[in-house]
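What follows is the residue order along each chain.
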Amino acid sequence: MTAAAGSRPAGRDGWAQPDHRPAAEAGAPGGADRGTPGTAPSFHEMWRDLAPIGRNPESGGYRRFAWTGADTDCREWFKAQAETRGLTYETDRNGNQWAWLGDPAAGDAVVTGSHLDSVPDGGAFDGPLGVVSSFAALDELRARGARPGRPLAIVNFGDEEGARFGLACVGSRLTAGQLTLDKAHALRDADGVSLAQAMERAGHDPEAIGADPGRLARIGAFVELHVEQGRALADTPHAVGVASAIWPHGRWRFDFHGEANHAGTTRIEDRRDPMLTYANTVLAARKKARLAGALATFGKVSVEPNGVNAIASLVRGWLDSRAADEETLAAVVAEIEQAAVERGTRDGVGVHVTRESFTPVVEFAHDLRDELATLLGGVPVLPTGAGHDAGILSGVIPTAMMFVRNPTGVSHSPAETAAEDDCLAGVTALADVLEGLACR
Ligand SMILES: [Zn+2]
């Protein structure tokens, strides 16, 4: 590994600086020793070509939102990667892109891939690392002379982050039948453009979307490689880990009802200030989560009337909470609610809690997970608190995830990074997994 590379500031394309030396000299991914057959672009070349697409020059972050121009450019990049390797390219009815080595209709396929869209001002690695690594791993398999006995495919799932229409994993949800046509057609972006309109403008038929069980039935295993969104690997000697599960998580809206009044004339003892109750609830959330080994975050808040010289009448805070199991999560949220109500009683503030969403725990297929860990020589097996397409698909087909070490753990930010050598280790690990699964 190159630990030093990870501590350098991220460059414009997300790589640690400096990144302007020739690929081979810099030890960059896909350098001359990669052995890529034919004219297939190396990892470094793929990364370089993808890097400028949808980058916001002011923040250095990415704005690759579903069915926008940047998304179209990413999708054209994917198609070109498939075609330059002689892979069979197709877009499915839900707008997910596929590149096949072998017969797509043969069944029992081994599929890898991730997504190319981003959150607002997201990092370079979340999603693209999995897609670029997939093409590079396929090249490595070919360079090894591996002979897959099962079809192999690389997928780019559409609209994973949900940055534009507010719902994550739209492409995989539709395919898995976890999002109805009506609900999909009702999705709108901040400008009022519907998902259907956006798809149509990008040249995709919105009437064709929907569950695709026939496609999923032809897949024997899905493995998603992703940059780690935490620091579990950072202090270990391992560049790559395997996912055990995705923590259950949910969102709860806390409404704190008080009484609006004058900030200059209302005596302290006469106030019913919901901001006070809210502030104490934020502190309680941190404490309860810490004691339970869980996570609890108030990251969004709205205030009425929102005046500097007015005691608020209503404070509305949104709690995001996650834990290793559903019992712990339920207990933590209940304790936070209890703390809010008790404090509200003292403050003369009414507290009302609404659960807005909940996602149960996702346990990745144990057989596949254990097989990956064995193929990779006993790498760490660790849970994650983030949702993924792999989490959606795990309910339908055997699914696994691999994580590449992230030295800072930062994600969904331009500061997201991974050392070049770790990315290369990820490519080799993915090639080992694909070979182990498809060539036995
Ligand atoms: Zn992602």
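Residues numbered from 1 in each chain as written. Predicted model: local features only at pLDDT ≥ 70, side-chain atom pairs only at ≥ 80, totals over all residues. Heavy atoms only, no water.

Going by what an unreviewed UniProt entry lists, the chain is known as Zn-dependent hydrolase and is assigned to Streptomyces cinnamoneus.

Our focus in this paragraph is the layout of surface pockets. Taken as a whole, the largest pocket encloses approximately 1600 Å³ of empty space. Its residues assigned to classes, the lining of the largest pocket shows 18 nonpolar, 19 polar and ten charged. A domain split of the lining of the largest pocket shows at least three residues from each of domain 1 (3-247 + 361-438) and domain 2 (249-359). (1 Å grid on protein atoms, 1.4 Å probe; cavity = no way out; pocket = protein on both sides within 12 Å on 5 of 7 lines; lining within 4 Å. Points joined across faces, edges and corners; volume = space filled by probe spheres on them. Nonpolar A, V, L, I, M, F, W, Y, C, P; charged D, E, K, R; others polar. Domains from an automatic or database assignment.)

In the structure shown here, the tally under the stated rule is twelve aromatic pairs. Pairing Trp98 with Phe157 gives two aromatic rings, centres 6.1 Å apart and planes at 80°, and the pair type is edge-to-face. Placement of Trp98 in strand E2 (residues 97-101) and of Phe157 in strand E4 (residues 152-157) is noted, with a sequence separation of 59 residues between them. Assigned by exposure class, Trp98 and Phe157 land together as buried. Grouped by ring-pair contacts, the aromatic residues Trp77, Phe78, Tyr89 and Phe135 constitute a single cluster. If you follow Lys300 out to its NZ or CZ, it ends over the ring of Trp318, 4.5 Å from the centre. (Phe/Tyr/Trp six-rings, centres within 6.5 Å; stacked < 30°, edge-to-face > 60°. Helix = DSSP H or I, 4+ residues; strand = E, 2+ residues; numbered from the N terminus. Buried < 20%, exposed > 50% of the residue type's maximum accessible area, 1.4 Å probe, protein only. Lys NZ or Arg CZ within 6 Å of the ring centre and 35° of its normal.)

How big an interface is tends to be stated in terms of accessible area lost as the parts join. Here the chain is partitioned into domain 1 (3-247 + 361-438) and domain 2 (249-359). Using only C-alpha atoms to locate each centre, domain 1 and domain 2 end up separated by 37 Å. At the interface, five residues of domain 1 touch nine residues of domain 2. Taken together, the two surfaces of domain 1 and domain 2 that pack against each other cover about 600 Å², and 54% of this comes from carbon and sulfur. Together, Trp247, Val361 and Gly385 form the three largest contributors to the area buried by domain 1 at its contact with domain 2, with a combined 89%. Where domain 1 meets domain 2, there are zero salt bridges. Run the count over domain 1 and domain 2 and you get three residue pairs in polar contact (both at pLDDT 80 or more). (Contact = heavy atoms within 4.5 Å. Buried area = accessible area lost by both parts, 1.4 Å probe. Salt bridge = Lys/Arg side-chain N within 4 Å of Asp/Glu carboxyl O. Polar contact = N/O pair within 3.5 Å; in protein donor to acceptor, adjacent residues only side chain to side chain.)

What follows is about empty space enclosed by the protein. The final tally for this structure, using the stated rule, is four cavities of 30 Å³ or more. As for the second largest cavity, its lining consists of Ala66, Asp71, Arg75, Leu116, Asp117, Asn156, Phe157, Gly158 and Asp159. Those elements that place two or more of their residues in the lining of the second largest cavity are helix H3 (69-84) and E4. Across the lining of the second largest cavity, the residue classes break down as three nonpolar, two polar and four charged.

Coordination angles at a metal have ideal targets, namely 109.5 degrees for four tetrahedral donors and 90 or 180 degrees for six octahedral donors. Taken together, His115 (NE2), Asp126 (OD) and His226 (NE2) make up the full set of protein donors to the zinc ion, lying 1.9 to 2.2 Å away. Here the donor residues for the zinc ion map to a single chain with the spacing H-x10-D-x99-H. Here His115, found in strand E3 (residues 109-115), pairs with His226, found in strand E5 (residues 219-227); they are 111 residues apart in sequence, far enough to count as distant. Grouping residues by exposure puts His115 and His226 together as buried. (Donors = N, O, S within 2.8 Å, 3.2 Å for Na, K, Ca; no water.)

To continue, consider unusual backbone geometry. The residue after Glu304, namely Pro305, is reached through a cis peptide bond having omega 0°. Mapped onto the elements of the fold, Pro305 is located in the loop between strand E9 (295-304) and strand E10 (310-311). In this model, Trp67 sits at a positive phi of 65°, which is unusual for a non-glycine residue. Residue placement: Trp67 occurs in the loop between helix H2 (43-50) and H3.

Moving on: the UniProt feature "binding site: Zn(2+) 2" (unreviewed entry) in the chain. Under the present numbering, the feature "binding site: Zn(2+) 2" (unreviewed entry) in UniProt falls on Asp126, Glu161 and His412. These annotated residues cover 287 residues of sequence, and their C-alpha atoms lie no more than 9.9 Å from one another, placing them together at a single site. Taking the annotated residues in turn, Asp126, Glu161 and His412 line the largest pocket. Summarising the element assignment, Asp126 is placed in the loop between E3 and helix H4 (128-144). Setting aside residues up to four positions removed in sequence, Asp126 forms contacts with His115, Asp117, Glu161, His226, Val227, Gln229, Ser411, His412 and Glu416. Side chain to side chain, Asp126 and His226 meet in a polar contact 2.7 Å long. Mapped onto the elements, Glu161 comes out in the loop between E4 and helix H5 (170-176). Of the residues examined, Glu161 reaches a relative accessible area of 16% and is grouped as buried. (UniProt positions renumbered as here; feature names shortened; annotations may be inferred.)

The next thing to look at is the pattern of salt bridges. Taken as a whole and assessed by the stated rule, the structure comprises 23 salt bridges. A salt bridge links Asp92 to Arg215; its shortest N-O distance comes to 3.9 Å. With Asp92 in the loop between strand E1 (88-91) and E2 and Arg215 in helix H8 (residues 213-217), the pair connects residues that are 123 residues apart, well separated along the chain. For Glu259, the salt bridge identified is with Arg272, shortest N-O distance 4.0 Å.

Attention shifts here to the sheet that holds strand E11 (residues 314-322). Ordered in space as E9-E11-E7-E12, the four strands form an open sheet in which the pairing is antiparallel. Bordering the open sheet on either side are E9 and strand E12 (350-359), each of which pairs with just one other strand. The average angle at which neighbouring strand axes cross in this sheet is 20°, direction not considered. Two elements, strand E7 (residues 249-257) and E12, share nine bridges in a ladder whose sense is antiparallel. Within E12, the residue paired with Asp255 across the bridge is His352. Running over the sheet, helix H9 (residues 274-292) touches E7, E9, E11 and E12 and is turned about 170° from E9. Across the sheet, helix H10 (residues 326-347) touches E7, E9, E11 and E12, and the angle it forms with E7 is around 5°. (Pairing = 2+ DSSP bridges. Axes fitted to C-alpha atoms, helices over the stretch in contact; angles between N-to-C directions.)

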